[in-house]
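# Architecture and fold: a report
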Amino acid sequence: MNARAEVDEKLEAKPPVPAEALGGDLIPLSDPDITLDDIAAVEAVLRSSRLSSGPVMEAFEAAFAAYLGRKYAVAAPSGTMGLLLALAAYEIGPGDEVIASPHSFRETVHAIALAGAKPVFADIDYWSGVIASGKIEALITDKTRAIVASNTNGHPAQWADLRDIATKHRLVLLEDSTEAIGSKYKGALVGTFGDASVFDFSQPGPLVCGEGGMVVTDDIDVAVAMRRFRAHRPSERASVVVGSSAPYQAAMSDMSAALGLAQLRRLEEILEKRKLIEHYYFKHVKSFEGIKDPFIGPEVDEVHWFLYVVHLGTRFSKSSRDSIVEDLLVEKVEAAAYSNPLHTQRRYFDYGYRRGSFLVAEKVSDRAVAMPFHVHLQERQIAFIVQTMKEASINVGAGAAIY
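Residues numbered from 1 in each chain as written. Predicted model: local features only at pLDDT ≥ 70, side-chain atom pairs only at ≥ 80, totals over all residues. Heavy atoms only, no water.

### Overview of the overall build of the protein chain
- Secondary structure summary: the protein chain contains 12 helices and 14 strands in total.
- Of all 403 residues assigned to the protein chain, the portion counted as buried reaches 54%.
- Within the protein chain, contacts between residues at least 6 apart in sequence are counted, and of these 74% link residues at least 24 apart.
- Accessible surface, the protein chain as shown: approximately 17300 Å² in total, 52% of it carbon and sulfur. (Helix = DSSP H or I, 4+ residues; strand = E, 2+ residues; numbered from the N terminus. Buried < 20%, exposed > 50% of the residue type's maximum accessible area, 1.4 Å probe, protein only. Contact = heavy atoms within 4.5 Å. Areas by Shrake-Rupley, 256 points an atom, 1.4 Å probe, with all protein chains shown as cover.)

### Some points on the sheet that holds strand E12 (residues 308-312)
- With antiparallel pairing, four strands are arranged side by side in an open sheet as E10-E12-E14-E13. Unpaired on one side and paired on the other, strand E10 (291-292) and strand E13 (336-337) mark the two borders of the sheet.
- Along the sheet face, helix H9 (residues 267-285) touches E10, E12 and strand E14 (368-371) and points at about 20° away from the line of E12. (Pairing = 2+ DSSP bridges. Axes fitted to C-alpha atoms, helices over the stretch in contact; angles between N-to-C directions.)

### Examining the nonpolar core
- Core analysis: the largest hydrophobic core is formed by 86 residues, its most contacted members being Ile136, Leu162, Leu174, Tyr281 and Met389.
- No other element matches helix H4 (residues 79-89), which puts seven residues into this core.
- In this structure, Leu162 is in contact with Ile131, Ser133, Ile136, Ile147, Ala149, Ala157 and Leu173, ignoring residues within four places of it in sequence.
- Counting residues in hydrophobic clusters, the runner-up holds 22 residues, among them Met57, Ala73, Leu189 and Phe201. (Core = buried A, V, L, I, M, F, W, Y, C linked by side-chain atoms within 4.5 Å.)

### Considering unusual backbone geometry
- Cis geometry is found at the peptide bond from Gln203 to Pro204, where omega equals 10°.
- Counting through the fold element by element, Pro204 comes out in the loop between strand E8 (196-200) and strand E9 (213-217).
- Even without a glycine there, the phi angle at Gln249 is positive, about 55°.
- Positionally, Gln249 belongs in the loop between helix H7 (220-230) and helix H8 (254-265).

### Concerning the pattern of salt bridges
- Throughout the structure, instances matching the rule amount to 17 salt bridges.
- Residue Asp33 is joined to Arg266 by a salt bridge in which the shortest nitrogen-to-oxygen separation is 3.3 Å. Pair noted here: Asp33 is in the loop between helix H1 (3-11) and helix H2 (36-46) and Arg266 is in the loop between H8 and H9, with a separation of 233 residues, a long-range link.
- Assessed through its relative accessible area of 8%, Asp33 is described here as buried.
- In this structure Arg266 comes out as buried when scored by relative accessible area, which is 12%.
- Note that Arg163 and Asp195 form a salt bridge whose closest N and O atoms lie 3.2 Å from each other. In this pair, Arg163 sits in helix H6 (residues 159-169) while Asp195 sits in the loop between strand E7 (188-189) and E8, placing the two residues 32 residues apart along the sequence.
- When its relative accessible area of 27% is taken as the criterion, Arg163 is described as partly exposed.
- Residue class for Asp195 comes out partly exposed when judged on its relative accessible area of 26%.
- In this structure, a network of salt bridges that share partners links the residues Asp33, Asp38, Arg266, Glu269 and Lys273. (Salt bridge = Lys/Arg side-chain N within 4 Å of Asp/Glu carboxyl O.)

### Some points on the sheet that holds strand E4 (residues 144-150)
- Spatial strand order, E1-E9-E8-E5-E4-E2-E3: seven strands in an open sheet with mixed pairing. The open sheet has two edge strands, strand E1 (72-76) and strand E3 (118-121), and neither has a second partner. The average angle at which neighbouring strand axes cross in this sheet is 25°, direction not considered.
- Note that strand E2 (residues 97-100) and E3 share four bridges and pair parallel. When the sheet's bridge partners are listed, Ala100 is paired in E3 with Phe121.
- Relative to the sheet, H4 contacts E1, E4, strand E5 (172-176), E8 and E9, its axis offset from that of E8 by approximately 160°.

### Some thoughts on empty space enclosed by the protein
- Tallying each qualifying case throughout the model produces five cavities of 30 Å³ or more.
- Considered class by class, the residues forming the lining of the largest cavity number nine nonpolar, seven polar and one charged.
- Its boundaries defined by the atoms lining it, the second largest cavity holds a volume of some 80 Å³.
- When the residues that make up the lining of the second largest cavity are grouped by side-chain class, the tally is seven nonpolar, four polar and three charged. (1 Å grid on protein atoms, 1.4 Å probe; cavity = no way out; pocket = protein on both sides within 12 Å on 5 of 7 lines; lining within 4 Å. Points joined across faces, edges and corners; volume = space filled by probe spheres on them. Nonpolar A, V, L, I, M, F, W, Y, C, P; charged D, E, K, R; others polar.)

### Description of helix H5 (residues 106-114)
- What H5 keeps buried is the set Thr108, Val109, Ala111, Ile112 and Ala113.
- Where the residues of H5 are buried, they touch H4, E2, E3, E4 and E5.
- Where H5 ends, the next residue or the one after it, Gly116, has phi of about 95°, a positive value.

### Let's talk about the side chain of Gln345
- Checked against the element boundaries, Gln345 lands in the loop between E13 and helix H11 (359-366).
- Among the polar contacts made by the side chain of Gln345, one reaches the main-chain carbonyl oxygen of Asn340 at a distance of 2.6 Å. (Polar contact = N/O pair within 3.5 Å; in protein donor to acceptor, adjacent residues only side chain to side chain.)

### Some thoughts on the pairing of E12
- For E12, the buried fraction is high: five of the five residues fall into the buried class.
- Here E12 shows a buried face lined by Tyr308, Val310 and Leu312 and a second buried face lined by Val309 and His311.
- Sheet topology note: the E10/E12 ladder contains two bridges and is antiparallel. When the bridges of E12 are listed, Lys292 appears paired with His311.
- Of the pairings in the sheet, the one linking E12 to E14 comprises four bridges and is antiparallel in character. Bridging from a neighbouring strand, Val309 pairs with Ala370 of E14.

Next up, the structure:
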């Protein structure tokens, strides 16, 4: 009998217990896995003469590029800023269009609008939640410069199809991996499919360094341009060439980099711990009528979920989903709506988008609940969370059809 089976057998007969009995505190949506080694890495920087971006940031960049097998990595303060640097490096801005998904880590895709380009949204695949590759070509115009495809909630996008489309139409293919570190598609890690690929290291991801991001690429010109737009080193201030561009002052501090580097070194351990939590969730939610289990596409080898997201049946509504989230909070369980589609947000009304523009994204997002997902959860807590969700659903749509 393997270790997981032994744990399951020992806990099988124990009923779910309320949050009060498990310590009385809120069960948080995320809780980083921080060790004494992580703390020591940050302390070493604090005791050094350099806190701002410096040798530790450069070491983190080199280690992250090596992890993915990419040639260059450029650290940034966030995934949003990382994508903004990539767009600047490709000279994408006012007058250009970029195709993206409305159902994603919205803070990252905001970079398209911040760059001055027009985001052109394409609807998503119902099962995986990623941008539907078959809906992209109809949106391409002579103004289209790039596709930004997200590995949504850890599930890899349809990269083979996306690469074919990008090559055919001579578009830049940008990969948003802010939610998917460690996931694999056709044997390759996410972060290896885009001309440039963006990661984010804020909560609730598995690799957390407070706030931070990374962009990887194999194109030296793009890497140099991103570094030029990121910040100027003191030694470069007199350079006529470097002085021709205005940087965003968007470097990562050595303190953040130290934590990120320490976590990268044990990333596989963190991901394996999260897999055990995923196993416990699946065990308890599979008997919940009206819940669609997380889907994994046929060309996907491995998914490391960003959050454990459950999808309520079609007889549930957005308001009933919100009621379930509120009921969970009453029981000291932090949950959240996974996505509020970008096209329904006021910022994007100026582009002509309204509710009803992308029915699949709306159907999925209206019924998606993000549950607590981190390595410090116990199985009895997960059993309590799922049981509480079941009870909350009774008044708002019990027995709903799964799909």
